[in-house]
Amino acid sequence: MKPFQFRAVQLDLARQLETLEFIFEFIDFIENSGYNTLVLYLEGKIKTKSFPYPAKGEYYTPEEMEQIVAYAAKKKLEVVPVISVLGHGELFLKHRELAHLAEIRDDEIRPLEETLNHVFCLSQPETLDFIKTYLSEIAGIFPEIG
């Protein structure tokens, strides 16, 4: 049987931030276990110029992400960021400055359950602008996968 070319492990940093030390140890562990890819589930956990709203202790900086990518590269691991934006926007939309981009906004009548305030509304002109800008900033941190 031919081994898989792509062997990945996901680390969910959206629900719980981990220290860089922990992430580096995790990278060592997966490298020693025969994996070649680290998938970082991040959602809105990277603070950038277009997304400066998270409070201290709620985010990683682009420089910290670059350190993670560099450490993984030394171990011959690729890092794949996962930024869920349309259906899992709660880490973005919880901030007052972006709340107007939600499918349901505070000033609307809500005939259904109040569950769509975590979903971006594509009919808002600013929504795609924000998503494109943020994703461009994130893409600049992570090298293309080859």
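Because the structure is predicted, anything quoted here is derived from the model rather than measured. Once a new chain begins, its residue numbering starts again from 1 and follows that chain's sequence as written. Only residues with pLDDT of 70 or above have their local features reported here, since the model is predicted, and side-chain atom pairs are shown and tallied only from 80 upward, although totals for entire chains, interfaces and linings are computed over all residues. By convention in this description, side-chain values take in all heavy atoms of the structure and omit both hydrogens and water.

Next up on the list: the sheet that holds strand β1 (residues 8–12). A pair of strands is considered paired only if DSSP assigns at least 2 bridges between the two. Counting from the N terminus, the helices are the DSSP runs of H or I reaching at least four residues and the strands are the DSSP runs of E reaching at least two. One open sheet holds the three strands; their spatial order is β1-β2-β3, and the pairing between them is parallel. Of all strands in the sheet, those bounded by a partner on one side alone are β1 and β3 (78–82). Within the sheet, the average angular offset between the axes of one strand and its neighbour, ignoring direction, is 25°. Across five bridges, β1 lies against strand β2 (residues 37–41) in parallel orientation. In the sheet register, Asp-12 faces β2, and the bridge partner there is Tyr-41. Seen against the sheet, helix α1 (residues 20–32) touches β1 and β2 and runs at an angle of roughly 160° to β1. Orientation is described by lines fitted to C-alpha atoms, with helices fitted over the stretch in contact, and by angles between N-to-C directions that extend from 0 to 180 degrees. Contacts: residue pairs with any heavy atoms within 4.5 Å of one another.

Only buried Ala, Val, Leu, Ile, Met, Phe, Trp, Tyr and Cys residues count toward a nonpolar core, and they belong to the same one when joined by side-chain atoms within 4.5 Å. Three exposure classes are used, based on accessible area relative to the maximum for each residue type with a 1.4 Å probe and protein chains only: buried under 20%, partly exposed in between, and exposed over 50%. With 35 residues, the main nonpolar core has Leu-40, Met-65, Phe-92, Phe-130 and Phe-142 as its most contacted residues. Taken together, the elements giving at least two residues each to this core come down to β1, α1, β2, α2 (62–74), α3 (90–93) and α4 (125–139). Broken down by element, this core gets its largest block of residues, six residues, from α1. Setting aside chain neighbours within four positions, we find Phe-142 in contact with Leu-42, Ile-46, Met-65, Val-69, Val-79 and Pro-81.

The next point concerns the pairing of β3. Sheet topology places β2 next to β3; five bridges connect them, and they run parallel. Looking across to β3, one finds that Tyr-41 is bridged to Val-82. Handedness of the crossover joining β2 and β3 through α2: right-handed. Classification remark: right-handed applies to a crossover when, strands pointing away from the viewer, the course from the first strand over the helix to the second runs clockwise.

Pairs can form between side chains of opposite charge whenever their charged atoms are close. For this analysis, a salt bridge means a side-chain nitrogen from Lys or Arg found within 4 Å of a carboxyl oxygen belonging to Asp or Glu. Counted under the stated rule, the structure contains five salt bridges. The salt bridge partner of Arg-15 is Asp-12, with a shortest N-O separation of 2.6 Å. A salt bridge links Glu-97 to Arg-96, with the shortest nitrogen-to-oxygen separation between them at 3.6 Å. Note on Glu-97: relative accessible area 32%, which makes it partly exposed.

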